[in-house]
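# Structural characterization, general
One-letter residues, chain by chain:
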Amino acid sequence: MKAKDIMTPYAITVGPDAKVTDIAKLMLERQISAVPVVDEGMRVLGVISEGDLVRRHEIGTGERRQSWWLRLLADPAQQAQQYTKSHAARARDIMSSPAITVSEDATINQIAETLEKNHIKRVPV
């Protein structure tokens, strides 16, 4: 069995300029846990999952509570990235990128290995 045999053929996608609030509403309405972010040519740029929407300043979860000494030792680039992700308004700024994908001819074993190796729960085909 291959990816093309088990995939959802018409995935719900968003563009890189989609608003985060619209993406959250879409995921709630469609009862889906992730959406691929695609360009105009339908090339997958990244993926937005529920996990990418968890730490948001709008709902009071944007900042992680850390002790002062962990903040002191934290990587400034990583802190800046976390801040940007929790305050960003567009898909391009919160998506996990680059997207890990598989071809439609990938076997179930290859898909399972990809998911496990990359610690992900879904993979665009």
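Refer to the structure printed above.
Residue positions are given per chain, counting from 1 as you read along its sequence in written order. At least 70 in pLDDT is required for a residue's local features to be given in this predicted model, at least 80 for side-chain atom pairs to be given and counted, and no such filter applies to totals for whole chains, interfaces and linings, which use all residues. Neither water nor hydrogens contribute to the side-chain values; these are computed over all heavy atoms in the structure.

Under the DSSP-based scheme used, a helix requires at least four consecutive residues in state H or I and a strand at least two consecutive residues in state E, with every element numbered from the N terminus. In terms of regular secondary structure, the protein is built from seven helices and two strands. Written out in order from the N terminus, the α and β elements of the protein read α-α-β-β-α-α-α-α-α. Residues counted as buried form 26% of the 125 residues belonging to the protein. The contacts of the protein with a sequence gap of at least 6 include a subset with a gap of at least 24, amounting to 53%. Carbon and sulfur atoms provide 52% of the accessible area of the protein, an area that totals close to 9000 Å². Accessibility here uses a 1.4 Å probe with only protein chains present; expressed as a share of the type maximum, an area under 20% marks a residue as buried, one over 50% as exposed, and anything in between as partly exposed. What makes two residues a contact is simply this: any of their non-hydrogen atoms within 4.5 Å. Values of accessible area rely on a 1.4 Å probe in the Shrake-Rupley scheme; residue burial ignores everything except the protein chains shown.

Before going further, it helps to spend a moment on the pairing of strand S2 (residues 44-49). Of all six residues in S2, five are buried, a share of seventy percent or more. From the end of strand S1 (residues 34-38) to the start of S2, which pair antiparallel, there are five residues, and Met 42 there has a positive phi angle of about 65°. The pairing criterion for strands is at least two bridges between them, as found by DSSP.

Right, let's get into the pairing of S1. Most of S1 sits inside the fold, with five of its five residues counted as buried. Residues Ala 34, Pro 36 and Val 38 line one face of S1 and the alternating positions Val 35 and Val 37 line the opposite face, and both faces are buried. As defined by bridge partners, S1 adjoins S2 across five bridges and the pair is classed as antiparallel. Its bridge partner being in S2, Val 38 is matched across the sheet by Val 44.

Turning next to a nonpolar patch on the surface. On the surface, a cluster of nonpolar side chains totalling about 310 Å² of accessible area is made up of Met 1, Ile 6 and Ile 108. Relative to the elements of secondary structure, Ile 6 occurs in helix H1 (residues 3-6). Two joining distances apply to patches: 9 Å for like charges and 5 Å for nonpolar side chains (Val, Leu, Ile, Met, Phe, Trp, Tyr), and every residue must have over 30% relative accessible area and no salt bridge. One speaks of a salt bridge when a side-chain nitrogen belonging to Lys or Arg is within 4 Å of a carboxyl oxygen belonging to Asp or Glu.

What follows deals with unusual backbone geometry. The omega torsion across Ser 97 and Pro 98 is 0°, close enough to zero to call that bond cis. Position of Pro 98 relative to the elements: it lies in the loop between helix H6 (91-94) and helix H7 (108-118). Positive phi is not limited to glycine here, since Gln 31 has a value of about 55°. The exposure class of Gln 31 is exposed, given its relative accessible area of 73%.

Here the focus is the side chain of Ser 49. Within the fold, Ser 49 resides in strand S2. The exposure class assigned to Ser 49 is buried, which follows from its relative accessible area of 16%.

Below, the discussion takes up the nonpolar core. Residues Val 14, Ile 23, Val 35, Val 37, Ile 48, Leu 53 and Ala 91 are the most contacted members of the largest nonpolar core, which totals 13 residues. Elements represented by at least two residues in this core include exactly helix H2 (20-30), S1, S2 and H6. With four residues, H2 is the single largest residue contributor to this core. Contact partners of Ile 23, with chain neighbours within four places excluded, come to Val 14, Ala 18, Val 35, Ile 48 and Ala 91. Put simply, a nonpolar core is a bunch of buried Ala, Val, Leu, Ile, Met, Phe, Trp, Tyr and Cys residues held in one set by side-chain atoms that sit within 4.5 Å of each other.

Right, let's talk about the environment of Leu 45 for a bit. Summarising the element assignment, Leu 45 is placed in strand S2. Considered as a pair, Leu 45 and Pro 16 are 29 residues apart in the sequence and their alpha carbons are 8.0 Å apart. Those residues in contact with Leu 45, other than ones at most four positions away along the chain, are Pro 16, Val 37, Val 38, Asp 39, Met 95, Ser 97, Pro 98 and Ala 99.

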